[in-house]
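# Architecture and fold: a report
Residue strings, one per chain:
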Amino acid sequence: MNTILKGGCQCGAIRFEVTGPLPDASICHCRMCQKAFGNVFAPLVSVRGTDFRWTKAEPKRFASSNLVNRGFCPQCGTPLTYEAPDGMAVSIGAFDHPETLEPHIQYGMEGRIGWLDHVNDWPGKTTMEDIEAAPFLDKLVSRQYPDEP
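This section reports on the structure supplied with the text.

Rules used throughout
- Residues numbered from 1 in each chain as written.
- Predicted model: local features only at pLDDT ≥ 70, side-chain atom pairs only at ≥ 80, totals over all residues.
- Heavy atoms only, no water.
- Helix = DSSP H or I, 4+ residues; strand = E, 2+ residues; numbered from the N terminus.
- Buried < 20%, exposed > 50% of the residue type's maximum accessible area, 1.4 Å probe, protein only.
- Contact = heavy atoms within 4.5 Å.
- Areas by Shrake-Rupley, 256 points an atom, 1.4 Å probe, with all protein chains shown as cover.
- Pairing = 2+ DSSP bridges.
- Axes fitted to C-alpha atoms, helices over the stretch in contact; angles between N-to-C directions.
- Core = buried A, V, L, I, M, F, W, Y, C linked by side-chain atoms within 4.5 Å.
- Salt bridge = Lys/Arg side-chain N within 4 Å of Asp/Glu carboxyl O.

### Let's talk about the overall build of the chain
- Along the chain, the regular secondary structure elements total 1 helix and 10 strands.
- Starting at the N terminus, the α and β elements of the chain follow one another as β-β-β-α-β-β-β-β-β-β-β.
- With the C-alpha coordinates aligned to their principal axes, the bounding extent of the chain is approximately 50 × 35 × 35 Å.
- Expressed as a percentage of the 149 residues in the chain, the buried residues total 38%.
- Of all intrachain contacts in the chain linking residues separated by at least 6 positions in sequence, the fraction that spans at least 24 positions is 58%.
- With the model as given, the accessible surface of the chain reaches about 9,600 Å², and the carbon-plus-sulfur share is 54%.

### Here we look at the sheet that holds strand β1 (residues 4-8)
- Spatial strand order, β1-β2-β5: 3 strands in an open sheet with antiparallel pairing. Edge strands, defined here as strands with exactly one partner in the open sheet, are β1 and β5 (51-56). If you compare each strand with its neighbour and ignore which way they point, the axes differ by 20° on average.
- Examined bridge by bridge, β1 and strand β2 (residues 15-19) share 5 bridges and lie antiparallel to one another. Bridge pairing in β2 places lysine 6 opposite glutamate 17.

### Points about the nonpolar core
- Phe16, Leu22, Phe52 and Phe95 are the most contacted members of the largest nonpolar core, which has 20 residues in total.
- Breaking this core down by element, the ones donating at least two residues are β2, β5 and β9 (87-91).
- Among all residues touching phenylalanine 16, those that are not within four sequence positions of it are Leu5, Lys6, Gly7, Gly8, Phe52, Arg53, Trp54, Thr55, Val90, Ala94 and Phe95.
- Listed in part, the 7 residues of the second largest apolar core include Cys33, Phe37, Ala42 and Ala89.

### Points about the environment of arginine 48
- The residue arginine 48 is located in the loop between β4 (42-46) and β5 in this model.
- In this structure arginine 48 comes out as partly exposed when scored by relative accessible area, which is 43%.
- The sequence separation of arginine 48 and glycine 20 amounts to 28 residues, and the corresponding C-alpha distance is 9.6 Å.
- Residues within four places of arginine 48 in sequence aside, it is in contact with Asp24, Asp86, Gly87 and Met88.

### With respect to the sheet that holds strand β8 (residues 79-84)
- In spatial order, the strands read β6-β7-β8-β9-β4-β3-β10; together these 7 strands make up an open sheet with mixed pairing. Both outer strands of the open sheet, β6 (60-63) and β10 (105-107), are each paired with one neighbouring strand and no more. Along the sheet, successive strands turn relative to each other by an average axial angle of 30°, direction set aside.
- Where β8 meets β9, 4 bridges bridge the pair, whose relative direction is antiparallel. Bridge pairing in β9 links glutamate 83 to methionine 88.

### Quick look at the pattern of salt bridges
- Applying the stated criterion to the full structure yields 10 salt bridges.
- Taking the shortest distance from any N to any O, the salt bridge between glutamate 148 and arginine 15 comes out at 3.2 Å. Within this pair, whereas glutamate 148 is found in the segment after β10, its partner arginine 15 is found in strand β2, the two being separated by 133 residues in sequence.
- A residue is classified by how much of its surface remains accessible, and glutamate 148, at 25% relative accessible area, is partly exposed.
- Its relative accessible area of 5% is what places arginine 15 among the buried residues.
- Here the residues in one salt-bridge network are Lys6, Arg15, Asp96 and Glu148, joined through shared partners.

Pasting the structure below:
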């Protein structure tokens, strides 16, 4: 039996569904992916060989190079896809349950930010443990589209 995974952008304007195995998860450190995600790396999973479909609207696309398009929500800006001649990959963070898609390889190592080596050495807090520094958090109400169970 094939697993069905769902996801979409943060505002809910764009939603997708994937049926089939997703064994090809990775992160990319190249500068193009850093800029496309506004982050230090891009977590992506290939949807080649699956039944992938947009269930609510489609992303707008930006040609980040002569060969690659980047899909994103035009309303909220969520990065959604990496689309190349050999197939499409979807942002792991856009899935309703990203914890099920563990990357197994890193690409673009020439762009890797050195301080990533120390992430697990830094102290960590849950969101509500930061309430003294950010007292507004106890009044925070998310407007993001909810993850589906």
